[in-house]
Amino acid sequence: MATATEQWVLVEMVQALYEEKEELIEEWQPEPLVPPVPKDHPALNYNIVSGPPSHKIVVNGKECINFASFNFLGLLDNPRVKAAALASLKKYGVGTCGPRGFYGTFDVHLDLEDRLAKFMKTEEAIIYSYGFATIASAIPAYSKRGDIVFVDRAACFAIQKGLQASRSDIKLFKHNDMADLERLLKEQEIEDQKNPRKARVTRRFIVVEGLYMNTGTICPLPELVKLKYKYKARIFLEESLSFGVLGEHGRGVTEHYGIKIDDIDLISANMENALASIGGFCCGRSFVIDHQRLSGQGYCFSASLPPLLAAAAIEALNIMEENPGIFAVLKEKCRQIHKALQGISGLKVVGESLSPAFHLQLEESTGSREQDVRLLQEIVDQCMNRSIALTQARYLEKEEKCLPPPSIRVVVTVEQTEEELERAASTIKEVAQAVLL
Amino acid sequence: MRPEPGGCCCRRTVRANGCVANGEVRNGYVRSSAAAAAAAAAAAGQIHHVTQNGGLYKRPFNEAFEETPMLVAVLTYVGYGVLTLFGYLRDFLRYWRIEKCHHATEREEQKDFVSLYQDFENFYTRNLYMRIRDNWNRPICSVPGARVDIMERQSHDYNWSFKYTGNIIKGVINMGSYNYLGFARNTGSCQEAAAKVLEEYGAGVCSTRQEIGNLDKHEELEELVARFLGVEAAMAYGMGFATNSMNIPALVGKGCLILSDELNHASLVLGARLSGATIRIFKHNNMQSLEKLLKDAIVYGQPRTRRPWKKILILVEGIYSMEGSIVRLPEVIALKKKYKAYLYLDEAHSIGALGPTGRGVVEYFGLDPEDVDVMMGTFTKSFGASGGYIGGKKELIDYLRTHSHSAVYATSLSPPVVEQIITSMKCIMGQDGTSLDATGQEFGQGTVGMTCLCSVVWDWPGRLKYLERLRWLVVGIVWRLLHSHVTWAGVTWSQAQLRLLTRAPSCMYLFRVA
């Protein structure tokens, strides 16, 4: 019968297909989970620090002066900070065992948020338990698919990840180039006029850093505020490096330029640099910040900051408020070493004179990045042998959008004395001459 | 629906060997009679359907999930509908200034900017969430131990703002913190060790792992974690959420396939999205769904180009925190071996809580840790600290040391937190002189049992104060009943404390582990 034959053919086809599928499954070979890492990969073997990473640091067994940790105000081994953290440890233990929504909110967290808001003179602040996650969770909470973000080319990796998670349209403008940004904004305006309905629901953001981690330069905030009102874009300011450094009282780049804090929609910073704690915070108007309490992924879905770290941050804030003179001291030291490091043959200083974290790049690259990295590592190693602890600035070469050239990072803290600064400058000069010539 | 004696409420067939089949096979296999006969004849001796293989499970694995009764479901939807209508009404009143507007608004100077929030997103927050907002974010002011001190707060404007009265409600039974093993305490050896390290090292680190933030404490911790898990090497990170979101992109990229469980945590979802790989979701804990996806992926390759996938990564969790279900690990491992995929196991909740000696879900099922390619977990829950780790083969960890986003750009763990983890882990491993020994078995089991006897906390608005007290009363009674029935063993240095964990407040499922 016809139908029986058809059925028979169908069964045969299915059987053949089945066998083919089994063959394909047998044949398929995946790549190894991770590619092998060469033994001499520059980032494979970490420097081991024995003991606290404070002013005098013991790296790989050698005692050095620390020019690599972001401990700008020297609060890492401040006895008052340690005492406050200890008191909190004795009261609350270490972990909070829960996210903020489920009994992970301690009175210390509320205190810290209050203090930060008061210090920065904003309405509200929100804290995160990890510095990287702060800006990486804040950006996708506001900017979604279809929105437009104008971001500086030299933005740090955390901002890049936040932008990637937000799925918005990213428009990069040249580093600190306001003309380029204005050009992009104008182009966007023309697009808007073509499609006004879409323009009415597309949000625009400008994301900049106060002091750029990758270049040590300050963003031109007054011009940015002017552009903000002209083209109706909101400003997100990332102040990880400038919080506790710039400004008369350490309030960051807004105080440095004398700009009204309400003009900036969101200020995000991490507490891991000047405040010598762990975590990060965002501050701004309640209208903006309150939204993150439900949509900040790193806030809602993650355990809260251990109370001892929050107490350490509160005490650090107290110290900052009590001695506003340290910021001027830090600025002076930055200026001093900046001047001292000018004129090294082979290395150029990249960064402003009031930035406490700046870079030393090769004046002329050898042509290959690997070779540059090796040369700089040689300089770092020799400086370490002469008791100056430096480090190369580390990047993920394949993941960065705009990979900065290899460089040595030099960090200035208030704890370094003038002679130590002079010694560091002369050591670097000698070593650079020896290695590069 | 009355539970049957075996404890299963839902329609699940119990097979002769004690295993529970995972529901009827709906998707996947060609089941017309002719083809089925042909397929069975052709494939004699091969394993198609791993759930039928009772040999994978060393003990019967029974899970029971109570189905939501129809009435409750309908009433819930009706409730949402009523609330939405009221929401529109209130918005209307607020717009016409009949009702006072409490929520924060945009600045005058920025009123002509494109509005920051989408209408509907804010609608939910304003009208639905605000009504019951006082159920969450309750601040406490003591150790999150068995009993906790809650700060009393009141709202005089229907939850728009809270005022702290200054009163502290002391000694509330804590069933909301993830303090599974009781290591969150402010006295004892862990706290003393952490205090000593705090004095010596300070609270912060101020640098990344690859620069100058790699302390000797971190190396010690990683070695200990590797020994604890039974893997070759491990690496620790400062935040559990970030461990997932920063390392999955380092492992997979474009051209790879991620098979992720339906109910995976936000961190896994974010990590998968950031990686750029293709993501396919399989039904929660459903091995047929997973097998079908694996088969189709290998046979058909990438969409459009039909090129073979570079690698396939399966993302599962040890215990799913919102469901209380345990992953079917033996079946997942059998599937992964058959189809040559890689397995990423997130043991945030199960590490320390499952298994006779607290080594997690791998030990619970009696499997080999080497079968799991990437073992990830967090220190927040069972170890009373914060942070996350990844364990696996040495090549994997070497690769992560060089390519993980966290190692390059994020600050390393704080030293006192590291010390807390080291001390608590040594305690669990029995290396500090005390021992868990035979009682550890019941402890492990009991804890999970308790986790799941989630006393159901109903979702009432906080305004109905008497109902709230009733709720706590019910919960207290249930707790006491359990307290008397269940054998448990506290950790030896403390008076034995029962740890009951619930997922507040809308957990509606009961889960029992045999």
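Residues numbered from 1 in each chain as written. Chains lettered and ligands numbered in written order. Predicted model: local features only at pLDDT ≥ 70, side-chain atom pairs only at ≥ 80, totals over all residues. Heavy atoms only, no water.

Caption draft 1: Local environment of the interface of chain B and chain A. Between chain B and chain A, the contact holds 117 residues from the first and 116 residues from the second. Note on chain B versus chain A: buried area summed over both sides is about 10500 Å², and carbon and sulfur give 64% of it. It is B:Glu211, B:Ile212 and B:Tyr409 in chain B that bury the most area against chain A; as a group they hold 8% of the surface buried on that side. Taken together, the connections running from chain B to chain A amount to four salt bridges. When the residues that make up the side of chain B that touches chain A are grouped by side-chain class, the tally is 61 nonpolar, 33 polar and 23 charged. Note that strand β4 (residues 105-106) of chain A and strand β1 (residues 139-140) of chain B share two bridges and pair parallel. The residue of β1(B) that forms the bridge with A:Phe106 is B:Ile140. (Contact = heavy atoms within 4.5 Å. Buried area = accessible area lost by both parts, 1.4 Å probe. Salt bridge = Lys/Arg side-chain N within 4 Å of Asp/Glu carboxyl O. Nonpolar A, V, L, I, M, F, W, Y, C, P; charged D, E, K, R; others polar. Pairing = 2+ DSSP bridges. Helix = DSSP H or I, 4+ residues; strand = E, 2+ residues; numbered from the N terminus.)

Caption draft 2: Broad picture of helix α4 (residues 131-142) of chain A. The element α4(A) is extensively covered by neighbouring structure, given that twelve of its twelve residues are classed as buried. Within the sequence span of α4(A), burial applies to A:Gly131, A:Phe132, A:Ala133, A:Thr134, A:Ile135, A:Ala136, A:Ser137, A:Ala138, A:Ile139, A:Pro140, A:Ala141 and A:Tyr142. (Buried < 20%, exposed > 50% of the residue type's maximum accessible area, 1.4 Å probe, protein only.)

Caption draft 3: A look at helix α3 (residues 107-120) of chain A. Residues and elements named next belong to chain A. In a regular helix each residue adds 1.5 Å, so 14 residues correspond to 20 Å; α3 covers 20 Å between its end C-alpha atoms and thus fits that length. Where burial is concerned, most of α3 is hidden: ten out of the 14 residues are buried. Within the span of α3, buried status applies to Asp107, Val108, His109, Leu112, Glu113, Arg115, Leu116, Ala117, Phe119 and Met120. Downstream of α3 by a residue or two, lysine 121 has a phi angle that is positive, lying close to 60°. (Expected span 1.5 Å × (residues − 1).)

Caption draft 4: Representation of the pairing of strand β13 (residues 357-362) of chain A within the structure. All names here are of chain A. The element β13 is extensively covered by neighbouring structure, given that six of its six residues are classed as buried. Neither face of β13 is left uncovered, since the one carrying Ala357, His359 and Gln361 and the one carrying Phe358, Leu360 and Leu362 both have all their residues buried. The sheet contact formed by strand β12 (residues 347-350) and β13 spans four bridges and is antiparallel. Residue pairing across strands places valine 350 opposite histidine 359, the latter belonging to β13. Counted between consecutive antiparallel strands, the loop separating β12 from β13 contains six residues, among which glycine 351 sits at a positive phi close to 140°. Bridge analysis of β13 against strand β16 (residues 407-411) gives five bridges, and the strand direction is antiparallel. Within the sheet, the bridge partner assigned to leucine 360 lies in β16 and is isoleucine 408.

Caption draft 5: Up close: unusual backbone geometry. Residues and elements named next belong to chain B. One non-glycine residue, cysteine 206, lies in the positive phi region at around 65°. Structurally, the position occupied by cysteine 206 is in the loop between α4 (189-201) and α5 (216-229). Non-glycine residue asparagine 285 carries a positive phi angle of around 60°. Mapped onto the elements, asparagine 285 comes out in the loop between β6 (278-282) and α8 (287-300). Asparagine 285 gets classed as buried once you look at its relative accessible area, which sits at 4%.

Caption draft 6: Seen up close, the packing of aromatic side chains. Throughout the structure, instances matching the rule amount to 21 aromatic pairs over all chains. Note on B:Tyr178 and B:Tyr180: the rings are 6.2 Å apart at their centroids and 70° apart in plane angle, and the pair reads as edge-to-face. Given the relative accessible area of 5%, B:Tyr180 is considered buried. By the ring-pair criterion, three or more aromatic residues cluster together here, those being A:Tyr142, A:Phe205, A:Phe236, A:Phe287 and B:Tyr117. Directly above the aromatic system of A:Phe119 lies the positively charged group of A:Arg251, at a separation of 5.2 Å from the ring centroid. Sitting over the face of the ring of B:Tyr178, B:Lys381 holds its NZ or CZ atom 5.4 Å from the ring centroid. (Phe/Tyr/Trp six-rings, centres within 6.5 Å; stacked < 30°, edge-to-face > 60°. Lys NZ or Arg CZ within 6 Å of the ring centre and 35° of its normal.)

Caption draft 7: Expanded view of the environment of A:His291. Looking at the element boundaries, A:His291 is found in the loop between α10 (286-289) and α11 (292-295). Separated by 134 residues in sequence, A:His291 and A:Ala425 have C-alpha atoms that sit 47 Å apart. When neighbours within four sequence positions are excluded, A:His291 is seen to be in contact with A:Ala141, A:Tyr142, B:Tyr117 and B:Glu121.

Caption draft 8: Seen up close, the sheet that holds strand β9 (residues 374-378) of chain B. All names here are of chain B. Taken together, seven strands build an open sheet; the order of strands is β4-β10-β9-β8-β7-β5-β6 and the sheet is mixed. Two strands bound the open sheet, and with one partner strand each, they are β4 (233-237) and β6. Taking each pair of neighbouring strands and ignoring which way they run, the sheet shows an average axis angle of 20°. Bridge analysis of strand β8 (residues 342-346) against β9 gives three bridges, and the strand direction is parallel. In the sheet register, aspartate 346 faces β9, and the bridge partner there is methionine 376. Of the strands in this sheet, β5 (257-261), β6 and β7 (312-317) are in contact with α8, which crosses β6 at around 150°. Each of β7 and β8 touches helix α9 (residues 329-339); the most contacted strand, β8, lies at about 155° to it. (Axes fitted to C-alpha atoms, helices over the stretch in contact; angles between N-to-C directions.)

Caption draft 9: Representation of the confidence of the model for chain B. Residues and elements named next belong to chain B. Of all residues in chain B, 74% have pLDDT values of 70 or greater, and the mean over the chain is 77. Below a pLDDT of 50 lies the segment residues 1-12, which in the model reaches 14 contacts outside its immediate sequence neighbourhood of four places, other chains included. Predicted confidence for residues 38-52 stays below pLDDT 50, and this span has 23 contacts to residues more than four positions away or in other chains. Model confidence for the complex: the whole-complex pTM is 0.84, and ipTM, which rates the interface, is 0.92. (pLDDT = per-residue confidence, 0-100.)

Caption draft 10: Spatial organisation of a negative patch on the surface. Residue and element names in this part refer to chain A. Side chains of Glu19, Glu20, Glu23, Glu26 and Glu27 sit close together on the surface and give a patch of like negative charge. Residue placement: glutamate 23 occurs in helix α1 (residues 2-27). In this structure glutamate 23 comes out as partly exposed when scored by relative accessible area, which is 48%. (Patch = residues over 30% accessible without salt bridge, like charges linked within 9 Å, V, L, I, M, F, W, Y side chains within 5 Å. Areas by Shrake-Rupley, 256 points an atom, 1.4 Å probe, with all protein chains shown as cover. Lys, Arg positive; Asp, Glu negative; His and termini not counted. Charge placed at Lys NZ, Arg CZ, Asp CG, Glu CD.)

Caption draft 11: Examining the sheet that holds β16(A) more closely. As summarised here, the arrangement of the four strands in space is β12-β13-β16-β15 (chain A), forming an open sheet in which the pairing is antiparallel. Both outer strands of the open sheet, β12 and β15 (391-392) of chain A, are each paired with one neighbouring strand and no more.

Caption draft 12: Examining the side chain of A:Gln188 more closely. Its location among the elements puts A:Gln188 in helix α6 (residues 178-194). In contact with A:Gln188, not counting residues within four places along its chain, are A:Ile148, A:Phe150, A:Lys171 and A:Arg204.

Caption draft 13: The arrangement of the pairing of strand β10 (residues 266-270) of chain A in detail. Residue and element names in this part refer to chain A. Within β10, five of the five residues are buried, leaving the element largely enclosed by the surrounding structure. Burial along β10 is two-sided: the face carrying Leu266, Ser268 and Asn270 and the face carrying Ile267 and Ala269 are both buried. Where β10 and strand β11 (residues 280-284) come together, five bridges link them in antiparallel fashion. Its bridge partner lying in β11, alanine 269 is registered against phenylalanine 281.

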